[in-house]
Amino acid sequence: MTVFLQGVYEGIINGSILALIAMGIALVWGVMNILSFSQGEFLMLGMFVSYYANRYLGLDPIVAMPLSAGALFLLGIVIYKLIISRALRGPILSQRLITFALSMVLVYSAQMFFGAEYKQLVNPVIFSGTIDLGFITIAKQKLVPFILALLVAGLLFLFLNRTRMGKAIQATSMDRYAAGLVGINPDRSYTIAFAMASAVAGAAGCALTYYYYMFPNVGATFQLWGFIAVAMGGFGSVTGAFLSGLVMGLADTLTGLYVNTAIKYIGVCVVFLVTVSFRPKGIFGK
Amino acid sequence: MSNYILQVNDATKKFSGLMANEGITFDVGVGEILGLVGPNGAGKTTLFNSLSGVHQLTRGTITFDGQDITKLSSHQICKLGIGRTFQIPQAIVTLSVEENVLIGALCHTNNMKVARKHAHETIEFCGLAALADKPAAILNVAQKKRLEIARAYATDPKLLLLDETMAGLTATERVESIQLIREINNQGVSIVMIEHNMDVVMSVSNRVLVLDAGKVLALGSPEEVTSNEAVINAYLGGGKKDA
Amino acid sequence: MKKLSYKKLLLCAGILVILIVLPLIFNTAFSHHIMTMMCIWALLGMGWNFIGGYAGQISNGHAIYYAFGAYTNAMLLQWFNLSPWIAMWIGCLLSAGIAFLIGKGLLRFRGHVFAIATMAVAECVRLIFINTKAIGGATGVYIFNAELDPALYMQFTDTKTYVYLYMAFVVAVLLFVRWLNTTKFCYYLRAINGNETAAESAGINAANYKLWAYMLSAAIVSLAGSLYMQFMRYTDPSMILTSNISMMIVLVTVMGGVGTVYGPLIGAIVLTYISEYTRVYLSHYNGLDMVIYGVLVILIVLFIPDGLISIPGRIRKHREHKAAVKEAPAK
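These numbers come from a predicted model, not from an experiment.

**Some details on the overall build of chain C**
The helix and strand tally for chain C stands at 14 helices and two strands. For a compact globule of 331 residues, the expected C-alpha radius of gyration is about 20 Å, and chain C comes in at 21 Å, within 12% of that figure. A principal-axis box enclosing the C-alpha atoms of chain C has dimensions of 80 × 50 × 50 Å. Looking at the 331 residues of chain C, the share that counts as buried comes to 52%. Residue pairs at least 24 apart in sequence account for 75% of intrachain contacts in chain C once pairs closer than 6 positions are excluded.

This is the structure:
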């Protein structure tokens, strides 16, 4: 029983990272209908920011988080302006390939500058140690992703639904032309959405450094799972992506306790395919 | 039985809560032109979609040329002999005009030569010869609608469902369109046409079917229908008369 | 039949001469390696083009069939000593069969969901391969055997032989694609891709045609896999079943010109050239080659969205436009 509960806990943590990536993918997909292959790489970059902040500045990842989010936000703006905005004028297929090629550039650039070896946090961190609740052990560090995911989900929800900019973004995603007609600058909305998605991934990367190795290709697995979570949760639905990510993390960890990797993955895929068969737009899809 | 090309019985279509069509019963004689009119939202296109297999009826039956087609899909119904055009013309914009019609012509043959010849003849018949090699994307609305008719006609239909062919056309274009429809009808093709323009309906239809709020309001000759009080109320009391 | 004009005959003869002479001029093993890989990627692109280009369903998981083609060759050789000349066709049939099952399940999805679904399935297959010891698991398969007859078992010692043989395959498939492009099948696919509702209303059973296109694409990609196996003589899931490979299959076709007859071939030639040269000359910078590759891809896809094959057309249009502008003031 304790194993199970521990599994649930670990699953939620695992799912939180997935949820964070998925929310970013959902945001970009929902707003500009691009399947962004680069979210995993933004996660990876966030991890590296946190690693180097820790190694050279002695910063705890949670302190580095705003730094990472900010840096990735700016990077997101640059990438959007230089590449994505141009890509949007072309066919959808090209857009996907461009984000894929971009992810390759990011991964191998990271390999060039940071090296391919696995790295881990070097300096001591604030949150260490565990809380032993008897039936489960909570590693304090692992709480961070979960709290972060909740925070981000909440903030995104508030932002998209309660602020002017957020509503503008939603309007643009529903009808770009009409939004333009009422004075919303679609390009601005897209830039902010894309930059926010990368910032979220960056922050997630920071949270991940507490307990995960970092290496240039770390984003790849999360990427695909993020995609699946978003497709299940619903096209464009950030809430759907959040919940889906958590569920998938849970499913992944729990089945991992009893079955081996391949079957576990196939199980998740089957669940995914079945869900999408019955609800082609995802559970919360618009 | 053999006098009717289409028999619709108690056609009902429900979209989770919305009753788009309810209890519609009518028939179309061989070689007849049936006008289908009604205010916006009356359920005309929904009926067409059920007839052409885009979706299935919730209740009721459709019999075409003696065969029950209620449960069949679009392509099966097309192969049996019903062609249709869409309210918003669905030209295949990645192909040329000629290729669009070719797609229709390939419905009943695998032989490219035969299909091309048939497409060529159809294009001539429909007056599109001058545009044959142009990409469908550059056509204007009237031309696209004509292309739709040509593509549908190339599938050798016995029944043609025309959805608002006249909408958006100038007076001259309307006259040309009516002429084409008459010529197609003269070839023995039965026609059901959704129209808002009452002049067109009056001049072309043998009979008129009036729908309102998903139900049949009237069915009869154009004169009978336009002097029907209920019809007049439906149109003047809040519905649209002319498109 | 076809009318063969003098011009066409001359062109064909010219191309034939170039193909024969090319491996002789560039006579190093490395050049032959590049040429062989170009052929394999051309086949991959031409195959994928049927489902992604003509039918418009973007599959991001075609590495599955690449792997099945390769592994079928390897396993049938290991288990039954079967010649790859036969095994490759069995691989094609097998891949088509698997494509039938996968296609039945996945082709109901569109756009992004379809792409994700194919990626998920491909990843599943990769994990299955890694965990199946009978076919080598993560260590992969190795088929080189010096005792086998080179011709019978397609393990040539002279790299030139591979080049000529694979070129022949490419030419054969290219002619097949050219022919298929004029048939009802391809027209129907293009109609479905252009406007599926209109296509259905014209009597096209879209679901069936897409399935056929998917199966055909799987078979051709499988063929490429078989040829790959015979050339490299070794493969493992991390080389052949990654999502990178699936994406590159898409890349090759799109960069060349998706939905065209010659596009994939051109894309294959250019992309293989870029990737092989950057790999050899830049890889000691620990990844720079892939960075350059990625950047080039971004540039090409951004600025030539219709693929490299559209360049002559664009130049012509540009010239026509310039000529028209020049005439205008005179009026």
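Read on for the rest.
**Section: the arrangement of the chains**
The top pair by number of contacts, from a total of two pairs of chains in contact, is chains A and C. Left apart from each other, chain A and chain B have a closest C-alpha approach of 14 Å.

**Points about the interface of chain A and chain C**
Between chain A and chain C, the residue contacts involve 34 residues of the former and 36 residues of the latter. Listed by contribution, the elements that provide at least two residues to the side of chain A that touches chain C are α3 (61-87), α4 (92-114), α9 (219-233) and α11 (261-278) of chain A. It is α4 of chain A that provides the largest number of residues to the side of chain A that touches chain C, a total of 13 residues.

**Points about the nonpolar core**
A general tendency of soluble globular proteins is for nonpolar side chains to be buried together. In terms of nonpolar packing, the biggest core is built from 283 residues, with Leu20, Ala22, Met23, Ala193 and Ala204 of chain A together with Leu43 of chain C touching the most fellow members. Among all residues touching alanine 22 of chain A, those that are not within four sequence positions of it are Gly226, Ala229, Val230, Gly233, Ala241, Phe242, Ser244 and Gly245 of chain A.

**Comments concerning helix α6 (residues 159-180) of chain C**
In a regular helix each residue adds 1.5 Å, so 22 residues correspond to 32 Å; α6 of chain C covers 31 Å between its end C-alpha atoms and thus fits that length. Looking at the buried positions of α6 of chain C, the neighbouring elements they touch are α1 (6-25), α2 (29-54) and α9 (206-232) of chain C.

**Quick word on the sheet that holds strand β6 (residues 82-84) of chain B**
Residue and element names in this part refer to chain B. Across the sheet, six strands lie side by side as β6-β7-β8-β3-β9-β10; this open sheet has mixed pairing. Of all strands in the sheet, those with a lone pairing partner are β6 and β10 (215-220), marking the two edges. Neighbouring strand axes in the sheet, compared pairwise and without regard to direction, differ in orientation by 15 degrees on average. Where strand β3 (residues 33-37) meets strand β9 (residues 207-212), four bridges bridge the pair, whose relative direction is parallel. Looking across to β9, one finds that valine 37 is bridged to valine 210.

**Observations concerning the environment of isoleucine 274 of chain C**
All names here are of chain C. With respect to the helices and strands, the residue isoleucine 274 is situated in helix α12 (residues 263-282). On the basis of neighbour count, isoleucine 274 is assigned to the partly exposed category, with 17 C-beta atoms found within 10 Å. In this structure isoleucine 274 touches Tyr293 and Leu296, once residues within four positions along its chain are discounted.

**Observations regarding the sheet that holds strand β1 (residues 4-15) of chain B**
Residues and elements named next belong to chain B. Ordered by their spatial adjacency, four strands build an open sheet running β2-β1-β4-β5, and the pairing between neighbours is antiparallel. Since the sheet does not close on itself, it has two edges, and those belong to β2 (18-29) and β5 (67-68), each with one partner. Summarising the sheet, β1 and β2 pair through eight bridges and their orientation is antiparallel. Across the sheet, phenylalanine 15 pairs through a bridge with leucine 18, a residue of β2. Docked against the sheet, helix α1 (residues 44-51) engages β1, β2 and β4 (59-64), running at close to 65 degrees with respect to β2.

**What about the confidence of the model for chain C?**
Residue and element names in this part refer to chain C. When the pLDDT values of chain C are averaged, the result is 89; 97% of them are 70 or greater. At the low end of the mean pLDDT range in chain C sits helix α14 (residues 311-330), at 80; at the high end sits α9, at 95. Overall fold confidence (pTM) sits at 0.90, and the ipTM for the predicted complex is 0.89.

Here is what the cut-offs are and how they apply
- Residues numbered from 1 in each chain as written.
- Chains lettered and ligands numbered in written order.
- Predicted model: local features only at pLDDT ≥ 70, side-chain atom pairs only at ≥ 80, totals over all residues.
- Helix = DSSP H or I, 4+ residues; strand = E, 2+ residues; numbered from the N terminus.
- Rg over C-alpha atoms; globule rule 2.2 N^0.38 Å.
- Buried ≥ 20, exposed ≤ 12 C-beta atoms within 10 Å, placed from the backbone.
- Contact = placed C-beta atoms within 7 Å.
- Core = buried A, V, L, I, M, F, W, Y, C linked by C-beta atoms within 7 Å.
- Expected span 1.5 Å × (residues − 1).
- Pairing = 2+ DSSP bridges.
- Axes fitted to C-alpha atoms, helices over the stretch in contact; angles between N-to-C directions.
- pLDDT = per-residue confidence, 0-100.

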